[in-house]
Amino acid sequence: MTDDAVLGRAIGALRRHTDQGWILVRENALLKALSAFRPSAPVRGRTTTPAGPVDYYVAADVLVSALRETLAAVPHVGPLAITCSTDDHDRLTSVVIEIVAAFDEPLLPLAATARKAAAARLTALLGDLAPHADAIAIDVAITDVTEETSDPWS
Amino acid sequence: MTDLVLARRAALRDREAFTVLVDRHGPALYRYILRMVRDPEVAADCVQDTLVAAWTGFAGFRGESSPRTWLFGIATRQAYRHRSGAAHRPGALPDELVEASARQPDQDAADAALVEALDIALLGLPPLQRSCWLLREVEGLHYAEIAHILGTTHGTVRGLLHRSRATLADAMEGWR
């Protein structure tokens, strides 16, 4: 066997090879990663109680995660990126949402549906401090299309 | 589902997408890291730090490279960071090698012996050559991707690969 053939065979063996160590380390490493702190800006919310209004904070990451779930449930839409902006008082001022849309879908109605769903979710999360759908800047940018009509993420 | 879709979902805090991505590339990341740091305990720490960095950093992933290349970039930085600590320890060769597969036992045994011989040969390579060779020959990254990860040039990658191939061929001579 030539040098190249030996190395080629060894490379093939290594590619097929799964280290036992990975099996042992996978669960803990994954758990550690998923529990890692992701720095996130606070976003102020407000709820009304019998004693009066009470402010609370929601992590921007939580807002993003919730919006992703909401947008993923909109037919023919897949979220690509979601960015939240707040003012000096941690109030939400804008949300920029980029989505991928299924090919041949009318884009403007799709954007309107996505905007409406996002606004409703924000209201559920931020209570009285959630901007109205027509007041908050929810920019929906359709940055890609796909021929897959059932799930544009796939 | 493509890696890019999974990466976008992970950036939006989708844990399931991240888990799928980890299961898809984790074995290769561990394989690479183990052969860079040489010590299974250090490799475990290094893989863990790689996944933490990936999960916390996915929001900044813009898709300039493939998610796989991006992950190997993180793994390389972690391996070099951990390697300085591991360099003071005895150079333990990983002895927990081949996970059984559905192939013939004889083939498995031959592969295991070959992988072990290759692991010994890899110990003879300087870290940069080893990293370069593993990323190209085993993990299949392109020259440009390796150059980006290692912070060097296409020409340097070519030179490193040439030298590492020659060294490994010599070290594996007994297998001809």
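Up top you'll find the structure we're talking about.
Residues numbered from 1 in each chain as written. Chains lettered and ligands numbered in written order. Predicted model: local features only at pLDDT ≥ 70, side-chain atom pairs only at ≥ 80, totals over all residues. Heavy atoms only, no water.

Undergrad: Describe the overall build of chain A, and please don't skip the residues or the numbers.
TA: Assigned secondary structure in chain A consists of four helices and five strands. Ordered by position from N to C terminus, the α and β elements of chain A give α-α-β-β-α-β-β-α-β. The buried share among the 154 residues of chain A stands at 42%. Contacts in chain A between residues at least 24 apart in sequence constitute 57% of all its contacts with a sequence separation of at least 6. Summed over its atoms, the accessible surface of chain A is roughly 8,000 Å², and 55% of this surface lies on carbon and sulfur atoms. (Helix = DSSP H or I, 4+ residues; strand = E, 2+ residues; numbered from the N terminus. Buried < 20%, exposed > 50% of the residue type's maximum accessible area, 1.4 Å probe, protein only. Contact = heavy atoms within 4.5 Å. Areas by Shrake-Rupley, 256 points an atom, 1.4 Å probe, with all protein chains shown as cover.)

Undergrad: Which residues make up the pattern of salt bridges, and what are the values?
TA: This model, assessed by the stated rule, comprises 13 salt bridges over all chains. For the salt bridge of A:Arg46 with A:Asp55, the shortest nitrogen-to-oxygen distance reads 2.5 Å. Here A:Asp55 falls in the partly exposed class, since its relative accessible area comes to 31%. The partner of A:Arg68 in a salt bridge is B:Asp14, and the shortest N-O contact between them spans 3.3 Å. With A:Arg68 in helix H3 (residues 60-72) and B:Asp14 in the loop between helix H1 (3-11) and helix H2 (15-37), this pair bridges two chains. Among the ionic contacts, a cluster of salt bridges with common partners joins A:Asp19, B:Arg35 and B:Asp119. (Salt bridge = Lys/Arg side-chain N within 4 Å of Asp/Glu carboxyl O.)

Undergrad: Outline the environment of A:Ala118, supporting the account with residue identities and numerical values.
TA: When you line up the elements, A:Ala118 lands in helix H4 (residues 107-126). Counting along the chain gives 47 residues from A:Ala118 to A:Leu71, while the straight-line C-alpha distance between them is 7.0 Å.

Undergrad: Explain the interface of chain B and chain A residue by residue, including any values.
TA: Chain B puts 49 residues into the contact, and the matching count from chain A is 39 residues. For the interface between chain B and chain A, the tally reads four salt bridges. One salt bridge in this structure joins B:Arg35 and A:Asp19, with 3.2 Å as the shortest N-O distance. Counting every contact that joins chain B to chain A gives 10 residue pairs in polar contact (both at pLDDT 80 or more). Elements supplying a minimum of two residues to the side of chain B that touches chain A: H1, H2, helix H3 (40-57), helix H5 (105-122), helix H6 (127-138) and helix H8 (154-171) of chain B. The biggest single contributor to the side of chain B that touches chain A is H2(B), with 11 residues. (Polar contact = N/O pair within 3.5 Å; in protein donor to acceptor, adjacent residues only side chain to side chain.)

Undergrad: Any details on the packing of aromatic side chains? Residues and values, ideally.
TA: Residues and elements named next belong to chain B. Per the stated rule, a full pass over the model turns up six aromatic pairs over all chains. Judged by centre distance (6.0 Å) and plane angle (90°), the ring pair of Phe 58 and Phe 61 falls under edge-to-face. Judged by relative accessible area, which is 0%, Phe 58 ranks as buried. Among the residues examined, Phe 61 registers a relative accessible area of 9% and is labelled buried. Consider the rings of Phe 61 and Trp 70, whose centres lie 5.2 Å apart with planes at 55°: the pair is tilted. Every member of this aromatic cluster is reached through a ring pair, and the members are Phe 18, Trp 55, Phe 58, Phe 61 and Trp 70. (Phe/Tyr/Trp six-rings, centres within 6.5 Å; stacked < 30°, edge-to-face > 60°.)

Undergrad: Let's hear about the pairing of strand E3 (residues 77-86) of chain A: which residues, and what values?
TA: Residues and elements named next belong to chain A. Across nine bridges, E3 lies against strand E4 (residues 92-102) in antiparallel orientation. Opposite Pro 79, over in E4, you have Ile 99 as the bridge partner. Hairpin connection between E3 and E4: a loop of five residues separates the two successive antiparallel strands, and Asp 90 in this loop has a positive phi of roughly 65°. (Pairing = 2+ DSSP bridges.)

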